[in-house]
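# Structural description and commentary
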Amino acid sequence: MTPDDDPHPIAPEAPLPSDCCNSGCPICVHDLYAEQLQHYREQLAAWKARHPGSQ
C-alpha cells in the first residue's frame, strides 16, 4: 500500500472564537472539535502504523 492509495489523514479545523455562542449549548462546537480531533489522532496513529517512516 502506498501513501497515494492511503492518504495521510487531515486534521480538523479548530473552531473560531466567534463560533461559540457561550450560552452553554448541550453540544458546543468545542465539544464537536474535541471529538473530531480524537478521531483524527486515532486515524493518524493507524496511518503511521501502516506507513512506518512517514511523517
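Residues numbered from 1 in each chain as written. Predicted model: local features only at pLDDT ≥ 70, side-chain atom pairs only at ≥ 80, totals over all residues. Heavy atoms only, no water.

### Describing the overall build of the protein chain
- A tally of helices and strands in the protein chain yields 1 helix and 0 strands.
- By the compact-globule yardstick of 10 Å for 55 residues, the protein chain is too spread out, its C-alpha radius of gyration being 15 Å.
- Expressed along its principal axes, the backbone C-alpha trace of the protein chain runs to roughly 45 × 15 × 15 Å.
- For the protein chain, contacts bridging at least 24 residues in sequence account for 62% of all contacts bridging at least 6. (Helix = DSSP H or I, 4+ residues; strand = E, 2+ residues; numbered from the N terminus. Rg over C-alpha atoms; globule rule 2.2 N^0.38 Å. Contact = heavy atoms within 4.5 Å.)

### Some remarks on the side chain of Asp6
- Structurally, the position occupied by Asp6 is in the segment before α1 (29–50).
- Classification of Asp6 by relative accessible area gives buried; the value is 11%.
- Within polar-contact distance, the side chain of Asp6 engages the side chain of Arg50 at 2.6 Å. (Buried < 20%, exposed > 50% of the residue type's maximum accessible area, 1.4 Å probe, protein only. Polar contact = N/O pair within 3.5 Å; in protein donor to acceptor, adjacent residues only side chain to side chain.)

### Here's the deal with the environment of Gln43
- If you trace the backbone, Gln43 turns up in helix α1.
- C-alpha of Gln43 to C-alpha of His8: the two residues are 35 residues apart in sequence and 8.9 Å apart in space.

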